[in-house]
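# Structural overview
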Number of protein chains: 4
Amino acid sequence: MATKTAPDSSRRSERSRRAIYDAALALISEIGYSKTTIEGIAARAGVGKQTIYRWWSSKGEVLLEAFLDLGERNAAAAAEAAGVDPADARHIPDTGDLAADLKYVLRATVDELSDPAFEAPYRALAAEGMVNREVSERYVEKLLEPGLQLYAARLRAAQEAGDVRADVDPRIGLELFVSPLAQRWLQGTGELTHAYVDTLVDYALNGLSPR
Amino acid sequence: MATKTAPDSSRRSERSRRAIYDAALALISEIGYSKTTIEGIAARAGVGKQTIYRWWSSKGEVLLEAFLDLGERNAAAAAEAAGVDPADARHIPDTGDLAADLKYVLRATVDELSDPAFEAPYRALAAEGMVNREVSERYVEKLLEPGLQLYAARLRAAQEAGDVRADVDPRIGLELFVSPLAQRWLQGTGELTHAYVDTLVDYALNGLSPR
Amino acid sequence: MATKTAPDSSRRSERSRRAIYDAALALISEIGYSKTTIEGIAARAGVGKQTIYRWWSSKGEVLLEAFLDLGERNAAAAAEAAGVDPADARHIPDTGDLAADLKYVLRATVDELSDPAFEAPYRALAAEGMVNREVSERYVEKLLEPGLQLYAARLRAAQEAGDVRADVDPRIGLELFVSPLAQRWLQGTGELTHAYVDTLVDYALNGLSPR
Amino acid sequence: MATKTAPDSSRRSERSRRAIYDAALALISEIGYSKTTIEGIAARAGVGKQTIYRWWSSKGEVLLEAFLDLGERNAAAAAEAAGVDPADARHIPDTGDLAADLKYVLRATVDELSDPAFEAPYRALAAEGMVNREVSERYVEKLLEPGLQLYAARLRAAQEAGDVRADVDPRIGLELFVSPLAQRWLQGTGELTHAYVDTLVDYALNGLSPR
DNA sequence: CAGTAAACGAGACGGTACGTCACGTCTTCAG
DNA sequence: CTGAAGACGTGACGTACCGTCTCGTTTACTG
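Residues numbered from 1 in each chain as written. Chains lettered and ligands numbered in written order. Predicted model: local features only at pLDDT ≥ 70, side-chain atom pairs only at ≥ 80, totals over all residues. Heavy atoms only, no water.

Where an unreviewed UniProt entry is consulted, chain A appears under the name TetR/AcrR family transcriptional regulator, with the organism given as Streptomyces monticola.

## Some points on the relation of the copies chain B and chain A
The transform that puts chain B on chain A rotates by 179° and translates by 0.0 Å along the axis, for an RMSD of 0.2 Å. Here the two chains are linked by the operation of a two-fold rotation axis. Residues of chain B ranked by C-alpha distance from the rotation axis are headed by B:Gly207, positioned 1.7 Å from it. In this assembly the copies share their binding face: 100% of the residues contributing to the interface of chain B also contribute to that of chain A. (Least-squares fit on C-alpha atoms with pLDDT ≥ 70 in both. Contact = heavy atoms within 4.5 Å.)

## Description of the interface of chain C and chain D
Taken together, the 45 residues of chain C in the interface contact 45 residues of chain D. Buried surface at the junction of chain C and chain D, summed over both partners, amounts to about 4,300 Å²; 59% is from carbon and sulfur atoms. There are 2 salt bridges connecting chain C and chain D. Here C:Glu175 and D:Arg184 are joined by a salt bridge, their closest N and O atoms 2.8 Å apart. Along the contact surface separating chain C from chain D lie 21 residue pairs in polar contact (both at pLDDT 80 or more). Listing elements by their share of the side of chain C that touches chain D, those giving two or more residues are helix 7 (116-129), helix 8 (133-160), helix 9 (170-173), helix 10 (175-187) and helix 11 (194-206) of chain C. The element best represented in the side of chain C that touches chain D is helix 10 of chain C, accounting for 11 residues. Looking at the side of chain C that touches chain D residue by residue, the class counts come to 24 nonpolar, 12 polar and 9 charged. (Buried area = accessible area lost by both parts, 1.4 Å probe. Salt bridge = Lys/Arg side-chain N within 4 Å of Asp/Glu carboxyl O. Polar contact = N/O pair within 3.5 Å; in protein donor to acceptor, adjacent residues only side chain to side chain. Helix = DSSP H or I, 4+ residues; strand = E, 2+ residues; numbered from the N terminus. Nonpolar A, V, L, I, M, F, W, Y, C, P; charged D, E, K, R; others polar.)

## Some details on helix 1 (residues 14-31) of chain A
Because each turn of an α-helix spans 3.6 residues, side chains separated by three or four positions end up pointing in the same direction. Residues and elements named next belong to chain A. End to end, helix 1 covers 26 Å across 18 residues, agreeing with the expected 26 Å (1.5 Å per residue, within 8%). Among the residues making up helix 1, those that are buried are Ser16, Ile20, Tyr21, Ala23, Ala24, Leu25, Ala26, Leu27 and Ile28. On its buried side, helix 1 packs onto helix 2 (38-45), helix 3 (49-55), helix 4 (59-82) and helix 7 (116-131). A positive phi of about 90° marks Gly32, the residue just after helix 1. (Expected span 1.5 Å × (residues − 1). Buried < 20%, exposed > 50% of the residue type's maximum accessible area, 1.4 Å probe, protein only.)

## What to know about the protein's contact with DNA strand E
Near DNA strand E, the surroundings consist of 40 residues, among which A:Arg11, A:Tyr53, B:Asp8, C:Gln50 and C:Tyr53 are the closest. In the interface set of DNA strand E, defined as its atoms within 4 Å of the protein, sugar plus phosphate atoms amount to 60%. Within the contact set of DNA strand E, a phosphate oxygen lies 2.2 Å away from a backbone nitrogen or oxygen of B:Asp8. Broken down by element, the residue count for the surface near DNA strand E peaks at 5 residues, all from helix 3 (residues 49-55) of chain D. Partitioned by chemical class, the residues of the surface near DNA strand E number 10 nonpolar, 15 polar and 15 charged. (Near = heavy atom within 4 Å.)

## Some thoughts on the side chain of D:Asn132
As for its placement among the helices and strands, D:Asn132 is situated in the loop between helix 7 (116-131) and helix 8 (133-160). Side-chain polar atoms of D:Asn132 contact the backbone nitrogen of D:Val135, separated by 3.1 Å.

## Focus: the arrangement of the chains
With no contact formed, the shortest span from any C-alpha in chain A to any C-alpha in chain C equals 13 Å. Contact between chain B and chain C is absent, and the minimum C-alpha spacing across the pair is 33 Å.

## Description of the UniProt feature "domain: HTH tetR-type" (unreviewed entry) in chain A
In the numbering used here, UniProt assigns the "domain: HTH tetR-type" (unreviewed entry) feature to residues 14-74 of chain A. Helix makes up 80% of residues 14-74 of chain A and strand makes up 0%, while its end C-alpha atoms are separated by 19 Å. (UniProt positions renumbered as here; feature names shortened; annotations may be inferred.)

## Quick notes on helix 2 of chain A
Residue and element names in this part refer to chain A. Of the residues making up helix 2, those classed as buried are Ile38, Ile41, Ala42 and Ala45. The buried residues of helix 2 occupy an angular sector of 100° when projected down its axis, which confines them to one face. Set apart from the buried face of helix 2 by more than 90 degrees, the exposed residues are Glu39 and Ala43. In this structure, the buried side of helix 2 is in contact with helix 1, helix 3 and helix 4. Remark: Gly46 follows helix 2 within two positions and exhibits a positive phi of approximately 65°. (Arc of directions from axis to C-beta.)

Here it is, written out as structure tokens:
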């Protein structure tokens, strides 16, 4: 006794989905999230508005999926280019030197966050997630958590190697260097440089108190 | 040949300002930021739309000022209630035990962030700030920075007492416990409890590596 | 290389046609002509939209045919019920008393026009015909003209009997009592009663000037 | 306890009203009533849609008022051009020869109904009135009735002069020549010529039966 | 203390976008 | 290989707000 007879996803037009993702990302980069409208996305994608409303319930959802799709395609492309198993592509290196490994990855993150093509949609998505419960959950689950898990895994490996105290909770420990970076980027409370993340790693590993 | 003949702020109606702040905060709590409209604020405040547009340029600005005003009134009320000089009201205590002092303040912050009356507008403001340059700057300057300065000051005092290494940059050091809290709250990446902030302070002060 | 590969009418589904006629007439009675949609007819008839578009080019056409079909079925049923040759069924009686015969038929027409089941679709059809050339022609040809011919025939018989002046054009003469009735019904310029049509017949036959 | 707080008509923009009337009539002449949209009228008039919805509730109402306005302006212009009191402008002449007077006026009506500029909107209005109760009432009251009253008055004068039987109801009598004309025009059941209306008048005044 | 200029409440205006509905066409899949 | 089902591009619907622009009406300063 469905009220609205859900659409039949097996008949969905792949062409339209692609075009909508592309249009959404392009518009957000060009004119910003708040000026991007569903009508504008539809027009740019050469698609009827109803085709968007049929499959998504809000602008935030479209953007989230577009962004996830972009991430997947990028990851696949990167993995392919490197001739690497995609499953390995996003690992944090483990050279045995924990500080060096973290600094390497966080420096790369700083560079990525400074890329204007990435920044506009990612920032918009984060803001939407802060205010829209539904987007928030999928955002954390699909985008944020997987990244954090990598850090947690690296910290656990370090614990086994004796480089991190055994009683440290990795899920909290990683926040000492990840969250400051996130906050500076999101709220603009400070500049993002390689030196800054190096300092963060040093402080986090060694603490602020004298040894 | 003035372009716009700026309004004469000496003639501004205090009554209207009050009513607009109240209406804005009420609406954001009741229906959320994105459903709050300038027209709605005006109607609720019993005010003409032009009176809003005369003094503010966007919904974000109205909210920001309403929120600052709320903070000031709360602070003044709290100080008065405590019979304390308002200038002292927001200090971080210095009992000589840095960890205890930080835990005390951060636990209070956790409680404050869990207050629904505070949460909706504050969160909305943070989200707006992430996306709107103008709001962002005033938000950081007026709301975020003053709070961070208090932590920085406390850390500097701790350095003089030898409880924090002399080579630590207090502005970065404070982020080790403040930013994780902020991120969990804004992005919902974990729960906010007193135990959590206690752990944060311990990790931050003592580091993750074995001593 | 046919342009449109016209549908093969020999393969047409009689079941669908019936269902579409029924659905169309039911919807027009229930919700009115302008709120009746092709999509709605298709859904109600349990038929694909294409099945409608294949055989009719507009809502007006569907209605027109549905109505013609209804009329035919009614006539056949009435004739059968009366045990009469259907060809005679729609004749205007000729008792020798022209005025009485006309009054009899026009009174029946008044009753018919007051039947709500008849009224909604018929009125919608008339309105559509006033604005849509294509519908108009078929409407006049199939529905209006046959009725008018009956009056013309009766007037011609009256001319032979000497009850109507020989120089009168029956096609114009009949309008004196038929058109006023039609206008009152269509435009609501006056009430429709048996007394009214009696008066019309009297005036038409005897004229307005003193004799 | 009004649900919608009716608009303040004293603040209404005369400019917009004019532009909307003009746009509506132009569009109906150019592309027909059913293809004319509120959006189209607004665009053509250089007006926001809401300005139309604020003052009218349907396309039919806009057209009706546009048409009434057109009629008033025409009448005023005609009266001025003729140097005549506008109150006299629409009288049916009374030369003492009833048949001649009626033929004169009906011939003029035929000419008017053949004017394409007049025809499209007038016909659309009549059709709308047949189907839309609200429009219908105002249509009859404002457009149809005043015209019919003129004929009724002329017939009453003829009764006093002894040219029409005293027992004839003028409101019904006039339908003998007015309604046939209306029906031919609206439903296209026959051609409209001067000869036709002459015949109508003759039949109506003298009846169809031999004298 | 009147005169007057600005701020005010109200809300109409030209617009943009919303989310929904139906159009007429095109594609898929079951009988 | 027909026909129901329904997704698609299109475009109008009627509504909500936008930011601007008059309207009178307070309100508070100035002469």
